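Listed below are the residues making up each chain.
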Amino acid sequence: MAAFFTDDEYAVVEAACERLIPTDEDPGAAEARVVDYIDGLLGAFATDPPRIWAGGPFSGRAGGGDNGFERFIPLTALDELAWRTRIEGSQGRPEREFNGPVVGLQQRYRDGIDALGADFVTAKPDEQGARLRANPEFTSLLYEHACEGMYGAPEYGGNQGLVGWRYIGFEGDTQPRGFTDAEVSGP
């Protein structure tokens, strides 16, 4: 279930990401599920605590320790204000407009999806490419987030199965190496 996108919006963003990071002999946006990362970012405040900062100190992927990254850290009031402004925009709220009005990521995505068109998913590849080129600001934002979803920590929704890390030969988070939790966090 999507955190932010409607089913139609999800499909458009998924198709656009697949155009930007295609699958060929190597994995692409589809295998990494980058659209899930983007949806999770835009809908970060649909959960408590918000899905902004994964915990730690270890993921458990290299043995030893549990997956602390699965637990997200609560935000301070100031952090929440900053992240809500970035994601949701200022929405005319004085506490969010101390530096002027802000168009949030959610609105930028809704506008970008509208510009690509509801039929983007079924459009021919050349047409999809033309529409992405016709919207360079949105395409740049989408590409930035697609790369984050491709190569970021999987707890944020993308890089499923660690396909992005395997593709670039990145071992990922490799701690702890042979130390117990008590040895690492004890006095």
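Given the structure is predicted, the values throughout are model-derived calculations rather than measurements.

Colleague: Whenever I open this one, the packing of aromatic side chains confuses me. Can you help?
Modeller: Describing an aromatic ring pair means giving the distance of the ring centres and the angle of the ring planes. This model, assessed by the stated rule, comprises six aromatic pairs. Ring geometry for Phe 72 versus Tyr 156: centroids 5.6 Å apart, planes at 85°, classification edge-to-face. In this pair, Phe 72 sits in the loop between α3 (34-42) and α4 (77-88) while Tyr 156 sits in the loop between α7 (136-151) and α8 (163-168), placing the two residues 84 residues apart along the sequence. Judged by relative accessible area, Phe 72 falls into the buried class, the value being 13%. According to the relative accessible area criterion, Tyr 156 is partly exposed, its value standing at 24%. In this structure, Arg 84 is placed above the aromatic ring of Phe 45, and the distance from its NZ or CZ to the ring centre is 4.0 Å.

Colleague: Looking at this structure, I do not really get a nonpolar patch on the surface. What am I missing?
Modeller: Together, Tyr 151, Tyr 167, Ile 168 and Phe 170 line one region of the surface with nonpolar side chains, adding up to about 390 Å² of accessible area. Here Ile 168 is to be found in helix α8.

Colleague: Honestly, helix α6 (residues 125-134) in this entry has me stumped. Any pointers?
Modeller: Residues that lie three or four places apart on an α-helix share one face, since the helix turns once every 3.6 residues. Among the residues of α6, Gln 128, Gly 129, Arg 131 and Leu 132 are the ones counted as buried. Burial along α6 is one-sided: seen end-on, the buried residues are contained in an arc of 165°. Counted as exposed and oriented over 90 degrees from the buried face of α6: Asp 126, Arg 133 and Ala 134. Packed against the buried residues of α6 are α1 (7-20), α5 (105-116) and α7.

Colleague: In this structure, what is going on with the packing of α1 against α6? I would like to understand it.
Modeller: In a packed pair of helices, the relevant descriptors are the angle between the two axes and the axis-to-axis distance. The geometry of α1 relative to α6 is characterised by a closest axis approach of 11 Å and an angle of 95° between their N-to-C directions. Judged by the angle between their axes, α1 and α6 are roughly perpendicular. Of the residues in α6, those touching α1 at Ala 15, Ala 16, Arg 19 and Leu 20 are Pro 125, Gln 128, Gly 129 and Leu 132. Here the residues of the contact of α1 with α6 sort into five nonpolar, two polar and one charged.

Colleague: When you look at the nonpolar core in this model, what are you seeing that I'm missing?
Modeller: One broad rule of soluble globular proteins: the nonpolar side chains tend to lie buried together. Among the nonpolar cores identified, the biggest contains 35 residues, and Phe 5, Val 13, Cys 17, Ile 38, Ile 87, Tyr 109 and Leu 142 are the most heavily contacted of them. Elements with a minimum of two residues in this core: α1, α2 (29-32), α3, α4, α5 and α7. Among residues more than four places away in sequence, those in contact with Leu 142 are Val 13, Ala 16, Cys 17, Leu 20, Ile 38 and Tyr 109.

Colleague: When you look at α7 in this model, what are you seeing that I'm missing?
Modeller: Helix length check: α7, at 16 residues, gives a terminal C-alpha distance of 22 Å against a target of 22 Å (1.5 Å per residue), a fit within 8%. Of the surrounding secondary structure, the elements contacted by the buried residues of α7 are α1, α2, α3, α5, α6 and α8.

Colleague: Hey, could you run me through the pattern of salt bridges in this one?
Modeller: Between side chains of opposite charge, pairing is possible as soon as their charged atoms come close. Evaluated as defined, the whole model comprises 11 salt bridges. In this structure, the salt-bridge partner of Asp 119 is Arg 131, at a minimum N-O distance of 2.7 Å. Of this pair, Asp 119 sits in the loop between α5 and α6 while Arg 131 sits in helix α6; the two residues are 12 residues apart in sequence, bridging distant segments of the chain. Accessibility expressed as a relative area gives 15% for Arg 131, which makes it buried. The network of salt bridges with shared partners includes Glu 80, Arg 84, Glu 88 and Arg 96.

The rules behind the values
Residues numbered from 1 in each chain as written. Predicted model: local features only at pLDDT ≥ 70, side-chain atom pairs only at ≥ 80, totals over all residues. Heavy atoms only, no water. Phe/Tyr/Trp six-rings, centres within 6.5 Å; stacked < 30°, edge-to-face > 60°. Helix = DSSP H or I, 4+ residues; strand = E, 2+ residues; numbered from the N terminus. Buried < 20%, exposed > 50% of the residue type's maximum accessible area, 1.4 Å probe, protein only. Lys NZ or Arg CZ within 6 Å of the ring centre and 35° of its normal. Patch = residues over 30% accessible without salt bridge, like charges linked within 9 Å, V, L, I, M, F, W, Y side chains within 5 Å. Areas by Shrake-Rupley, 256 points an atom, 1.4 Å probe, with all protein chains shown as cover. Salt bridge = Lys/Arg side-chain N within 4 Å of Asp/Glu carboxyl O. Arc of directions from axis to C-beta. Contact = heavy atoms within 4.5 Å. Axes fitted to C-alpha atoms, helices over the stretch in contact; angles between N-to-C directions. Parallel < 35°, antiparallel > 145°, perpendicular 65-115°, else oblique. Nonpolar A, V, L, I, M, F, W, Y, C, P; charged D, E, K, R; others polar. Core = buried A, V, L, I, M, F, W, Y, C linked by side-chain atoms within 4.5 Å. Expected span 1.5 Å × (residues − 1).

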